[in-house]
Amino acid sequence: MNCVYKDPLAPIEARIKDLLSQMTLPEKIAQMTQIERSVATPSAIKDLSIGSILSAGGSGPFENAKTSDWAAMADTFQKAALQSRLGIPLLYGIDAVHGNNNVYGATIFPHNIGLGATRDADLVRRIGAATALEVRASGIHYTFAPCVAVCRDPRWGRAYESFGEDPQIVKMMTSMVTGFQGQPPQGHLSGYPFVAGRENVVACAKHFVGDGGTRNGVNEGDTVSSYDELERTHMAPYLDCIAQGVCTIMASYSSWNGTKLHSSRFLLTEILKEKLGFKGFIISDSEALDRLSSPHGSNYQQSVLSAITAGIDMVMVPLRYQLFLADLLHLVESGKIPITRIDDAVVRILRVKFAAGLFEHPLSDSSLLGRVRCEQHKQLAREAVRKSLVLLKNGPDSTKPFLPLDRNAKRILVVGKHADDLGYQCGGWTATWEGKSGRITTGTTILEAIREVVGAKTEVIYEENPSESINRRDYSFAIVVVGEAPYVESGGDSLDLKIHFNGAELASSVADQVPTLVILISGRPLAIDPQLLNKAHALVAAWLPGSEGTGVVDVIFGDHGFQGRLPMTWFKDVAQLPMQAESNSYDPLFPVGYGLTTSGSNDAPARAL
């Protein structure tokens, strides 16, 4: 072969050196540019040699497009990239944050907050591997996950994207990186990007750093702390990700002590790249450069200068890419950004592309299509739901448990919109950016699962909002499913953390008249009135379980036991927030780590030690 960079047997660093030496400055800058699918014209990809495309939340080929449709679209873009002067393949990114959640018919796993409740690192690794396979089946190589934020305040609108409030829990769950990318071999260089093969994806640890520690839980806010505290609490999970060969890290919209992370050379370059030895690339968040100036998007050239100088390697532009390319080119040609900074960024980007095998296998693999939402993946999601459920109350006292429920009861009343709404069950980042109500994908609602498992003579009555008068003698018990409507990012910031749609009042009204199990579908602990807690016979935190509602029913009817533990403190009153277990004034409703346990008929017996 004439070109070393095209030789799959050549060392990665030699391939990078050869390719870099042949690239023009505009081609280098284009490799640093990530643009949205909707503006990605064939000429932009082929003629400019754009480095990366993303599908923002909900941005697909068309509504309810299946995995095969996504693969055809991704291949069309990739074929244009391969026709560019040097044939550098695109890296296509997507927010596959709880399964390949933008794609209709994909397996939707519980959001991270629920996975944190499992305390099961191997389960999370397996979920990462299943998600990677479904993403690769769609022709996409790169997921903006996992979020390794340590959430210190549930008022944050992204609380459900966090595995928990304790850095030790989050560190444990970084096993998702190995699930996504594969297990690096013994002796793999720490910090060097790694992707095992064609069933794996490039992962992205995010959002560096302190996104979960902002004052009052305000999204994109300011984390005020000493460096030691930032390192001990918020940076800790990144060390584990880097040790597993995570390919990319995304900078946070938030600030640290008043300095925006996207302009912090100290944290991005001196700490992340130099001290921690990260050798992959740092990507910006979407339109993050526009957020560096006020009003939004103004003084853009200065924002580009600030971010690239700080250490951002790839910019998720994602729309105004012509302006970004022109401004960055001007900054380099005028000497304001040295070419060495550009070369460092491009080397890191090419390193990931070579490590991921994109030059050898740029196109989708149709043999993977049959494994999307296969039975194995559905059972894995169901297992995750079971293990994520946290039992907060079970009967008036420990001697009189209310659960498990009797599947052969005469009549069961099921109440609440969340009982039969797949979109609410999945939450944000599902089908669209914000998430939405209804039959948004394939899956099983909690109500459907209840009807599947009850006895032949059991009657299940569903009333979304029952009348005030319920004849207690008509029902053996009630299952009330209430919680939050889907939300995302700043739209989820909440000062009161109330159950949506008057859910607390609905549950209380039913519990006044019928023995009641209350199931909360939420992305975080919510305000629970003491009267409701007293009235309800049992209370379960089910988080945002995803597409497999059967996992909830597996446990409430006793096939499997409850084993989940709170990944976050459950407060008594929002006035207590923020509150952490290490505080002397810690006085929660339920402490982090709390969770009652039961045994299930299908659970494997515990082995003797």
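Data block above holds the structure.
Worth saying up front: this structure is predicted, and the values here are computed from it rather than measured.

### Side note on the overall build of the chain
Turning to step 1, where the next piece is worked out: Broken down by element type, the chain carries 19 helices and 17 strands.
Turning to step 2, where the next piece is worked out: Here the C-alpha radius of gyration of the chain, 25 Å, is about what a compact globule of 609 residues would show, namely 25 Å.
Turning to step 3, where the next piece is worked out: Taking the principal axes of the C-alpha coordinates as reference, the chain spans close to 80 × 50 × 50 Å.
Turning to step 4, where the next piece is worked out: Counting only residues that meet the buried cut, the chain has 63% of its 609 residues in that class.
Turning to step 5, where the next piece is worked out: Across the chain, contacts joining residues at least 24 apart in sequence account for 77% of those joining residues at least 6 apart.
Turning to step 6, where the next piece is worked out: Between the averaged position of the 57 positive side-chain charges in the chain and that of its 65 negative side-chain charges there is a distance of 3 Å.

### Side note on the environment of Ser398
Turning to step 1, where the next piece is worked out: Residue placement: Ser398 occurs in the loop between strand E12 (390-394) and strand E13 (411-415).
Turning to step 2, where the next piece is worked out: Given a relative accessible area of 73%, Ser398 falls into the exposed group.
Turning to step 3, where the next piece is worked out: When the C-alpha atoms of Ser398 and Phe144 are compared, they prove to be 43 Å apart, with 254 residues separating the residues in sequence.

### Quick word on the pattern of salt bridges
Opposite charge on two side chains permits pairing when their charged atoms draw close.
Turning to step 1, where the next piece is worked out: Taken as a whole and judged by the stated rule, the model has 37 salt bridges.
Turning to step 2, where the next piece is worked out: Note that Arg341 and Asp313 form a salt bridge whose closest N and O atoms lie 2.5 Å from each other. Placement of the pair is Arg341 in helix H13 (residues 339-355) and Asp313 in the loop between helix H11 (300-310) and strand E11 (315-316), with a sequence separation of 28 residues. No difference in accessibility class separates Arg341 from Asp313, as the two residues are buried.
Turning to step 3, where the next piece is worked out: In this structure, Lys535 and Asp512 form a salt bridge, with 3.1 Å as the shortest nitrogen-oxygen distance. Of this pair, Lys535 sits in helix H18 (residues 530-535) while Asp512 sits in the loop between helix H17 (503-511) and strand E16 (516-521), and the two are 23 residues apart along the sequence.
Turning to step 4, where the next piece is worked out: Accessibility expressed as a relative area gives 24% for Lys535, which makes it partly exposed.

### Focus on the sheet that holds E11
Turning to step 1, where the next piece is worked out: The strand order E4-E3-E2-E1-E11 describes an open sheet built from five strands, whose pairing is parallel. The two strands at the open ends of the sheet, each matched to only one other strand, are strand E4 (142-143) and E11.

### A closer look at the pairing of E16
As a general feature of sheets, a regular strand has side chains that alternate between the two faces.
Turning to step 1, where the next piece is worked out: Along E16, six of the six residues are buried, which leaves the element largely enclosed by surrounding structure.
Turning to step 2, where the next piece is worked out: Covered by surrounding structure in E16 are Thr516, Val518 and Leu520 together with Leu517, Ile519 and Ile521, the residues of both alternating faces.
Turning to step 3, where the next piece is worked out: Pairing analysis gives six bridges linking strand E15 (residues 477-483) to E16, with the strands arranged parallel. Across the sheet, the residue bridging to Ala478 is Thr516, located in E16.
Turning to step 4, where the next piece is worked out: Following the backbone out of E15, through H17 and into the adjacent parallel E16, one traces a crossover that is right-handed.
Turning to step 5, where the next piece is worked out: Summarising the sheet, E16 and strand E17 (residues 538-543) pair through five bridges and their orientation is parallel.

### Describing the side chain of Gln580
Turning to step 1, where the next piece is worked out: Along the polypeptide, Gln580 turns up in the segment after helix H19 (550-556).
Turning to step 2, where the next piece is worked out: Residue classification places Gln580 among the buried residues on the basis of a relative accessible area of 14%.
Turning to step 3, where the next piece is worked out: If sequence neighbours within four positions are ignored, Gln580 has contacts with Arg152, Glu165 and Tyr586.

### Details of helix H10 (residues 265-275)
Turning to step 1, where the next piece is worked out: Along H10, the residues that are buried comprise Leu267, Leu268, Thr269, Ile271, Leu272 and Lys273.
Turning to step 2, where the next piece is worked out: Phi turns positive, to about 75°, at Gly277, one or two residues after H10.

### With respect to the sheet that holds strand E6 (residues 222-223)
Turning to step 1, where the next piece is worked out: A sheet is described by the order of its strands in space; here three strands give the open sequence E6-E8-E9, paired in mixed fashion. Two strands lie at the open edges of the sheet, namely E6 and strand E9 (259-260), each paired on one side alone.

### Description of the environment of His234
Turning to step 1, where the next piece is worked out: Relative to the assigned elements, His234 resides in helix H9 (residues 227-243).
Turning to step 2, where the next piece is worked out: Residue class for His234 comes out buried when judged on its relative accessible area of 6%.
Turning to step 3, where the next piece is worked out: Measuring from C-alpha to C-alpha, the distance between His234 and Arg152 comes to 9.7 Å, with 82 residues separating the pair along the chain.
Turning to step 4, where the next piece is worked out: Among residues more than four places away in sequence, those in contact with His234 are Val150, Arg152, Val209, Gly210, Gly212, Gly213 and Glu229.

### Some details on the nonpolar core
Turning to step 1, where the next piece is worked out: Ranked by internal contacts, the top residues of the largest apolar core, which has 192 residues, are Leu267, Leu328, Ile479, Leu517, Ile519 and Phe557.
Turning to step 2, where the next piece is worked out: The biggest single contributor to this core is H13, with eight residues.
Turning to step 3, where the next piece is worked out: Non-local contacts of Phe557, meaning those with residues more than four positions away in its chain, are made with Pro404, Leu405, Asp406, Arg407, Ile412, Ile450, Val453, Val454, Phe477 and Ile479.

### A word on unusual backbone geometry
Turning to step 1, where the next piece is worked out: Backbone torsion omega between Lys206 and His207 reads -5°, so that peptide bond is classified as cis.
Turning to step 2, where the next piece is worked out: The topology assignment puts His207 in strand E5 (residues 204-208).
Turning to step 3, where the next piece is worked out: Despite not being glycine, Asn257 shows a phi value in the positive range, around 50°.
Turning to step 4, where the next piece is worked out: Examined against the element boundaries, Asn257 turns out to sit in the loop between strand E8 (255-256) and E9.
Turning to step 5, where the next piece is worked out: Positive phi outside glycine occurs at Ala431, with the angle close to 70°.
Turning to step 6, where the next piece is worked out: Its location among the elements puts Ala431 in the loop between helix H15 (422-426) and helix H16 (446-453).

### A look at the pairing of E5
Turning to step 1, where the next piece is worked out: With respect to burial, E5 is a largely interior element, five of its five residues being buried.
Turning to step 2, where the next piece is worked out: As paired elements, E5 and strand E7 (residues 248-251) share four bridges and run parallel to each other. By the bridge assignment for E7, Phe208 is matched with Ala251.

### Some thoughts on the packing of H11 against helix H12 (residues 321-333)
Turning to step 1, where the next piece is worked out: Two elements in contact, H11 and H12, have axes separated by 9 Å at closest approach and are oriented at 65°. Taken as axis vectors, H11 and H12 run roughly perpendicular relative to one another. In this structure, H11 meets H12 at a crossing whose hand is right-handed. Contacts between H11 and H12 involve Tyr300, Gln301, Val304, Leu305 and Ile308 from the former and Leu323, Phe324, Asp327, Leu328, His330 and Leu331 from the latter.
Turning to step 2, where the next piece is worked out: Across the contact of H11 with H12, the residue classes tally to eight nonpolar, two polar and one charged.

Thresholds applied
- Residues numbered from 1 in each chain as written.
- Predicted model: local features only at pLDDT ≥ 70, side-chain atom pairs only at ≥ 80, totals over all residues.
- Heavy atoms only, no water.
- Helix = DSSP H or I, 4+ residues; strand = E, 2+ residues; numbered from the N terminus.
- Rg over C-alpha atoms; globule rule 2.2 N^0.38 Å.
- Buried < 20%, exposed > 50% of the residue type's maximum accessible area, 1.4 Å probe, protein only.
- Contact = heavy atoms within 4.5 Å.
- Lys, Arg positive; Asp, Glu negative; His and termini not counted.
- Charge placed at Lys NZ, Arg CZ, Asp CG, Glu CD.
- Salt bridge = Lys/Arg side-chain N within 4 Å of Asp/Glu carboxyl O.
- Pairing = 2+ DSSP bridges.
- Right-handed = clockwise from strand over helix to strand, strands pointing away.
- Core = buried A, V, L, I, M, F, W, Y, C linked by side-chain atoms within 4.5 Å.
- Axes fitted to C-alpha atoms, helices over the stretch in contact; angles between N-to-C directions.
- Parallel < 35°, antiparallel > 145°, perpendicular 65-115°, else oblique.
- Left-handed = near helix turned anticlockwise from the far one by under 90°.
- Nonpolar A, V, L, I, M, F, W, Y, C, P; charged D, E, K, R; others polar.

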